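# Analysis of the macromolecular model
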Amino acid sequence: MTDLGRVLILAGGLSPEREVSLRSGGRLRDALTRIGVEAELADVDAATLPALAADPPEVVFPVLHGSSGEDGTIREVLDLYDLPYVGALPPACRVAFDKATAKAAVAAAGVATPAAVTLPREAFHDLGAAALIERIVARLGLPVVVKPRAGGSAFGVSRVDDAGGLAEALMSCFGYHDSALIEQAVAGVEIAVGVLDTGEGPVALPAVEIEPVAGVYDYAARYTAGATSFFTPARLGGEVLRAAAEAAVTAHRALGLRDLSRTDMIVDGDGVAQFLEVNVAPGMTDTSTWPMGLHAAGLDLAVVCRDLAAHARDRRGAPRG
C-alpha cells in the first residue's frame, strides 16, 4: 500500500446519472487498488454521514454525477466534516453546474459560445407558450438545442429543427429541470477537452473528437460500447486544437475550478471552438472522454488520480479559495 492513506470514492446517489456514477467509481477504485492505494467505494445514502464521522478517510474523491454531486452539495457536506477532497469548491461548482451562468462567465473571459435564451417553465405558462416560442425562433433561428439549465448525460436534451417541435422539446426538458436553456445549434465537430491540475497550474489534455454512430450523442451513445467513435487527438488542425485547449483552460480558470474538469465544445465551420458546458466531476467509465484524454497524453489514470488525491490531502488546513 502507498502512504496516501484511505481514499474514499463517493459515487451513486439518487440522480438520473446514478448508474454511470457507480461505473465511474468502480473503475476508479479498481485503478487505484491496482497501484497499491487503499481505495474504498461508497454509494452515497443515509448511511454516508455516520460513516464519515465514525471512520473519516484521509481524502475523498467524489465521482458523483448530476445534482448534489456537481452542484456543490456533497462538497459543502465534506467541508462541514473538515475532509479534504478532489475537485472544485462548492461556489465554483454551483456556477459551473448552471449552464446559463457558466456560459456567461466563460463568454466574459473571451471564449465563444452559441447564442442562447434561458427561461423557466413558469414563463411559458404565465406569459403564453406560443408567443414566447415565436419570439425565441425569431431571435435564435433554427435549429436549436433545448437542454435543462442544469444536469448532465444528455437527459432532457433535444435538437429542434422546426418550430412545431419546440413545445414538445420544452416539455421533455422540464421533466429534468424547471428552467430551460434554448441554444443555437452549431454545425461542426464535437469535442471534449479535459483539464488537469496536480498543483502546477491547469493544463489541457488532448482533445477527444466525438462521432456518434447514430448522429446524436445521447445517453445511449455516451455509455454504450461501440455506439460512438472517439478520436484522440481530434482530427483537427494544430492551430484549432491549440485554440480549443486554450479555451478549456480559460473556462477552467474563469469558473474557479481546481484539480480536474472537462469542457464540451463544438468546433464550427470557421474553426472556432464554441463552448457548450463544463463538467466538474468528469466520468471515469470506459467510454468517458476525460480518461481518454489522459491516455492520449501518455498518462496513467491510476497514477494521475493518486496524485490528485495526494494533492487534495496536502491542502488540509490551507485557506479555502
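Please refer to the structure placed before this passage.
Right, let's walk through the structure included here.

Calculation criteria
Residues numbered from 1 in each chain as written. Predicted model: local features only at pLDDT ≥ 70, side-chain atom pairs only at ≥ 80, totals over all residues. Heavy atoms only, no water. Helix = DSSP H or I, 4+ residues; strand = E, 2+ residues; numbered from the N terminus. Rg over C-alpha atoms; globule rule 2.2 N^0.38 Å. Buried < 20%, exposed > 50% of the residue type's maximum accessible area, 1.4 Å probe, protein only. Contact = heavy atoms within 4.5 Å. Areas by Shrake-Rupley, 256 points an atom, 1.4 Å probe, with all protein chains shown as cover. Lys, Arg positive; Asp, Glu negative; His and termini not counted. Charge placed at Lys NZ, Arg CZ, Asp CG, Glu CD. Salt bridge = Lys/Arg side-chain N within 4 Å of Asp/Glu carboxyl O. Patch = residues over 30% accessible without salt bridge, like charges linked within 9 Å, V, L, I, M, F, W, Y side chains within 5 Å. Polar contact = N/O pair within 3.5 Å; in protein donor to acceptor, adjacent residues only side chain to side chain. Pairing = 2+ DSSP bridges. Arc of directions from axis to C-beta.

Before going further, it helps to examine the overall build of the protein chain. The number of helices and strands found in the protein chain is twelve helices and 13 strands. Its C-alpha atoms give the protein chain a radius of gyration of 20 Å, within 12% of the compact-globule value 20 Å for 321 residues. The buried share of the protein chain, reckoned over its 321 residues, is 50%. Pairs at least 24 apart in sequence give 68% of the contacts found in the protein chain among residues at least 6 apart. Accessible surface, the protein chain: about 13800 Å² in total, of which carbon and sulfur atoms supply 53%. In the protein chain, 27 side chains carry a positive charge and 41 a negative one; their mean positions are 2 Å apart.

Here the structure, examined in full by the defined rule, presents 18 salt bridges. Here Glu76 and Arg94 are joined by a salt bridge, their closest N and O atoms 3.0 Å apart. Here the residue Glu76 occupies a position in helix α3 (residues 73-80), and Arg94 occupies one in helix α4 (residues 90-97), the gap between them amounting to 18 residues. With a closest N to O distance of 2.9 Å, Asp264 and Arg262 form a salt bridge.

Judged by side-chain polarity, Leu49, Leu80 and Tyr81 come together as a nonpolar surface patch covering roughly 290 Å² of accessible area. By the secondary structure assignment, Leu80 is in helix α3.

A few words now on the environment of Asp300. As for its position among the elements, Asp300 is in the loop between α11 (289-296) and α12 (301-314). Exposure remark for Asp300: the relative accessible area of 32% places this residue in the partly exposed category. In this structure, the C-alpha to C-alpha distance between Asp300 and Leu83, residues 217 residues apart in sequence, is 26 Å. Only 3.3 Å separates the side chain of Asp300 from the side chain of Arg34, close enough to count as a polar contact.

Counting buried positions along strand β12 (residues 260-268) gives nine out of nine residues, so the element sits mostly inside the fold. Here β12 shows a buried face lined by Leu260, Arg262, Asp264, Ile266 and Asp268 and a second buried face lined by Ser261, Thr263, Met265 and Val267. Where strand β8 (residues 188-196) and β12 come together, nine bridges link them in antiparallel fashion. Bridged to Gly188 within β12 is Asp268. The hairpin formed by β12 and strand β13 (residues 273-279) contains four residues between the paired strands, and Gly271 there has a positive phi angle of roughly 80°.

A word on unusual backbone geometry. Here the bond from Leu142 into Pro143 is cis, since omega is 0°, no more than 30 degrees from zero. Along the chain, Pro143 falls in the loop between α7 (129-140) and β5 (144-148). A cis geometry characterises the amide bond from Thr232 onward to Pro233, with omega recorded as 0°. Here Pro233 lies in the loop between β11 (228-231) and α10 (238-254). Although it is not a glycine, Asp82 sits at a positive phi angle of roughly 55°. Locating Asp82 in the fold gives a position in the loop between α3 and α4.

What follows is about helix α8 (residues 166-174). Leu166, Ala169, Leu170, Cys173 and Phe174 are the residues of α8 that are buried. The buried side chains of α8 occupy one side of the element, clustering within an arc of 135° when seen end-on. The exposed residues of α8 that point more than 90 degrees off its buried face are Glu168 and Met171. In this fold, the buried residues of α8 make contact with β4 (116-120), α6 (121-127), α7, β5, β6 (158-160) and β7 (179-184).

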